[in-house]
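As a plain string of letters, each chain reads:
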Amino acid sequence: MTVYKNDEEVLVANNEGVKAEDLHATTYLIIGTNSRFEDYGNGRTGCFWIGG
């Protein structure tokens, strides 16, 4: 799947993964199986270990 803005690819999702410009996660972002980033307090970002 490909999404275009003014004839430019801004989002591509295929069997190799996802490529996006200006990716915005509104709650949290999980990276791999062990890390989660989210807002933490006022004006800060927390990285949390969520692995086993």
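Residues numbered from 1 in each chain as written. Predicted model: local features only at pLDDT ≥ 70, side-chain atom pairs only at ≥ 80, totals over all residues. Heavy atoms only, no water.

> Please provide a residue-by-residue account of the pairing of strand β2 (residues 8–14), values included.
Each regular strand shows side chains that alternate between the opposite faces of the sheet. Pairing between strand β1 (residues 2–5) and β2: 4 bridges, direction antiparallel. By the bridge assignment for β2, T2 is matched with V12. Linkage of β1 to β2, two consecutive antiparallel strands, is achieved through a turn of 2 residues, within which N6 is found at a positive phi near 50°. In this sheet, strand β3 (residues 17–20) lies alongside β2 in antiparallel orientation, the contact comprising 4 bridges. (Pairing = 2+ DSSP bridges. Helix = DSSP H or I, 4+ residues; strand = E, 2+ residues; numbered from the N terminus.)

> Go over unusual backbone geometry with me, naming the residues and quoting the values.
Unlike most non-glycine residues, N6 shows phi in positive territory, near 50°. For N6, the position within the fold is in the loop between β1 and β2. Classification of N6 by relative accessible area gives exposed; the value is 71%. Even without glycine at this site, D7 takes up a positive phi of about 65°. Inspection of the secondary structure puts D7 in the loop between β1 and β2. (Buried < 20%, exposed > 50% of the residue type's maximum accessible area, 1.4 Å probe, protein only.)

> Before we move on, can you summarise the sheet that holds strand β5 (residues 35–39) with the specific residues and values?
Pairing is antiparallel across the open sheet formed by 3 strands, whose spatial order is β4-β5-β6. Edge positions in the open sheet fall to β4 (28–31) and β6 (45–49), since each of these has one partner strand only. Across the sheet, the axes of successive neighbouring strands diverge by a mean angle of 20°, strand direction being ignored. For β4 and β5, the ladder comprises 4 bridges, and the chain directions are antiparallel. (Axes fitted to C-alpha atoms, helices over the stretch in contact; angles between N-to-C directions.)

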